[in-house]
Amino acid sequence: MRSALDSMEQMLQGEPMDAEAIAAWRQRYAAALATAEKGEGWSETTARARGLAEQLHAAVKVLSLRKAALQKAQGLQAQGARALKGYRPY
């Protein structure tokens, strides 16, 4: 379980995550969670997992804002290309 959380921390601190890396991590996390024993340190582990979930949600929000900005820029670029296409100098 701790290993899965460590790898998520590394993913959050590194380059933007891709879908394949997230899917692979989810499989490792699900397997770790299924075999985890709720013994000593369990409350700290769950608190750490919740903290990482908050960080992940914040990263998703930032990436969503970047995506929206890129889409807007692409739209403006396409609009400019259409305007230039219609321009006919005399």
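Check the entry above for the structure.
Conventions adopted
Here the residue numbers are simple positions, counted from 1 along each chain's written sequence. Since the coordinates come from a predicted model, pLDDT governs what is reported: local features require at least 70, and pairs of side-chain atoms require 80 or more to be given and counted, while whole-chain, interface and lining totals use all residues. Here the side-chain values reflect all heavy atoms present in the structure, with hydrogen atoms and water set aside. All axes here are fitted lines through C-alpha atoms, helices being fitted over the stretch that makes contact, and every angle between N-to-C directions spans 0 to 180 degrees. Numbering of helices and strands runs from the N terminus; a helix is a DSSP stretch of H or I covering at least four residues, while a strand is a stretch of E covering at least two. Angular relationships are summarised with four words: roughly parallel below 35 degrees, roughly antiparallel beyond 145, roughly perpendicular across 65 to 115, and oblique for the angles in between. For a crossing to be left-handed, the near helix must be turned anticlockwise from the far one by less than a right angle; the clockwise case is right-handed. The contact rule is simple, with two residues in contact once any of their heavy atoms fall within 4.5 Å. Each residue is assigned to one of three groups, with Ala, Val, Leu, Ile, Met, Phe, Trp, Tyr, Cys and Pro labelled nonpolar, Asp, Glu, Lys and Arg labelled charged, and all others, Gly among them, labelled polar.

Undergrad: Looking at this structure, how should I read the packing of helix H1 (residues 2-13) against helix H3 (residues 42-86)?
TA: Geometrically, a packed helix pair is captured by the angle between its two axes and the distance between the axes. Contact geometry of H1 with H3 gives a least axis separation of 11 Å together with a crossing angle of 25°. The angle between the axes of H1 and H3 places the two elements in the roughly parallel class. Taken as a pair, H1 and H3 cross one another with a handedness that is left-handed. Between H1 and H3, the residues in contact are Arg2, Leu5, Asp6, Met8, Glu9 and Leu12 and Thr45, Arg48, Ala49, Leu52, Gln55, Leu56 and Ala59, respectively. Of the residues that constitute the contact of H1 with H3, the class distribution is 7 nonpolar, 2 polar and 4 charged.

Undergrad: What should I look at first to understand the packing of H1 against helix H2 (residues 19-35) in this one?
TA: The N-to-C vectors of H1 and H2 enclose an angle of 160°; their axes lie 9 Å apart at closest approach. Considering their axes alone, H1 and H2 lie roughly antiparallel with respect to each other. Where H1 crosses over H2, the two elements pack in a sense that is left-handed. Touching Ala4, Leu5, Ser7, Met8 and Met11 of H1 are Ala21, Ile22, Trp25, Arg28, Tyr29 and Ala32, all from H2. The residue inventory of the contact of H1 with H2, partitioned by class, reads 9 nonpolar, 1 polar and 1 charged.

In short, shape yes, function no, at least from these values alone.
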